[in-house]
Amino acid sequence: MWLLLGWWCGVRAEEPVPPPAFVLPRTVDAVVCVVGDRVITRSDVVMEEALAARDPSSVPPWSRRDRTALERLVDAAVLRLAAGDVSVYRPGEGDVLARVDRLRGREGPAATMAFLARWGLDEGGLQALLYRRMVVERFVVRALSTRAAAAGRRLEVGAEGWDAEYDALVADLRARTAIRSVSAEAP
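The paragraphs below set out a description of the structure included in this document. Owing to the predicted nature of the structure, the values given are computational and were not obtained by experimental measurement.

1. Quick notes on the overall build of the protein
Phase 1: Scanning the protein from terminus to terminus reveals 7 helices and 3 strands.
Phase 2: In sequence order, the secondary structure elements of the protein are arranged as α-β-β-α-α-α-α-α-α-β.
Phase 3: Sorting the 187 residues of the protein into buried and exposed places 34% on the buried side.
Phase 4: Counted over contacts in the protein with a minimum sequence separation of 6, partners at least 24 positions apart contribute 71%.
Phase 5: If you sum the accessible surface of the protein, you get close to 11,700 Å²; carbon and sulfur atoms cover 59% of it.

2. What to know about helix α2 (residues 42-54)
An α-helix turns once per 3.6 residues; consequently, residues spaced three or four apart project the same way.
Phase 1: Along its 13 residues, α2 runs 19 Å from first to last C-alpha, staying within 8% of the 18 Å computed at 1.5 Å per residue.
Phase 2: Those residues of α2 that sit buried are Val45, Met47, Glu48, Ala50, Leu51 and Ala52.

3. Considerations on the pattern of salt bridges
A side chain of one charge can pair with a side chain of the opposite charge if their charged atoms are brought near each other.
Phase 1: A complete count under the given rule lists 20 salt bridges for this structure.
Phase 2: The partner of arginine 64 in a salt bridge is aspartate 66, and the shortest N-O contact between them spans 2.9 Å.
Phase 3: Among the charged side chains, a salt-bridge network with shared partners connects Glu48, Asp55, Arg72, Arg99, Arg102, Arg133 and Glu137.

4. Points about the sheet that holds strand β1 (residues 31-35)
Phase 1: Overall, antiparallel pairing links the 3 strands, which are arranged β2-β1-β3 in an open sheet. Pairing within the sheet leaves two strands with one partner each, and these edge strands are β2 (38-41) and β3 (179-181). Going across the sheet, the axis of each strand differs from the next one's by a mean of 15°, ignoring polarity.
Phase 2: Two strands pair when backbone bridges link them, and β1 and β2 are joined in this way by 4 bridges, in the antiparallel orientation. By the bridge assignment for β2, valine 31 is matched with threonine 41.
Phase 3: Packed on one face of the sheet, α2 meets β1 and β2 and runs near 70° to β2.
Phase 4: The strands touched by helix α3 (residues 69-83) are β1, β2 and β3; relative to β1, the strand with the most contacts, the crossing angle is about 30°.

Criteria and thresholds
Residues numbered from 1 in each chain as written. Predicted model: local features only at pLDDT ≥ 70, side-chain atom pairs only at ≥ 80, totals over all residues. Heavy atoms only, no water. Helix = DSSP H or I, 4+ residues; strand = E, 2+ residues; numbered from the N terminus. Buried < 20%, exposed > 50% of the residue type's maximum accessible area, 1.4 Å probe, protein only. Contact = heavy atoms within 4.5 Å. Areas by Shrake-Rupley, 256 points an atom, 1.4 Å probe, with all protein chains shown as cover. Expected span 1.5 Å × (residues − 1). Salt bridge = Lys/Arg side-chain N within 4 Å of Asp/Glu carboxyl O. Pairing = 2+ DSSP bridges. Axes fitted to C-alpha atoms, helices over the stretch in contact; angles between N-to-C directions.

Here it is in structure tokens:
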């Protein structure tokens, strides 16, 4: 009996195994830029375009319609790196929820749910996205106010000179940040 079992196992082990089904690879998303340790993908750029219309802001980089979505995201990543985890830039939970409510109020619940579904987000994902935007806004307002005060001036959001001050701030920070754009033709 053991001989028969051994023979059967040997035969079974030698049976050809069908090859796995061959599936052609496809691109799901692509990296377009790396800022410090932050990866920006094509889908991030498209989402920024969609979110810019739904979550307007008077604070750069989000307010800068003269910049592409990718340029705004690169600026935001540079600013977010500079802001770090300093508590003064962190919005409270109530502030984030109010921003979510503002977005929902503009769009209505059905449109907000469709937006979340389109981008694979849930309520927590939307809160995290808006939190990141708010940290950048708070950093920009504080940094520009501090720069203006150091020069003996007062600068308010949207005031004349605001964009020039913002451009100078971002230029300084970009010069100190590793930014690598990825070519679409690169393998």
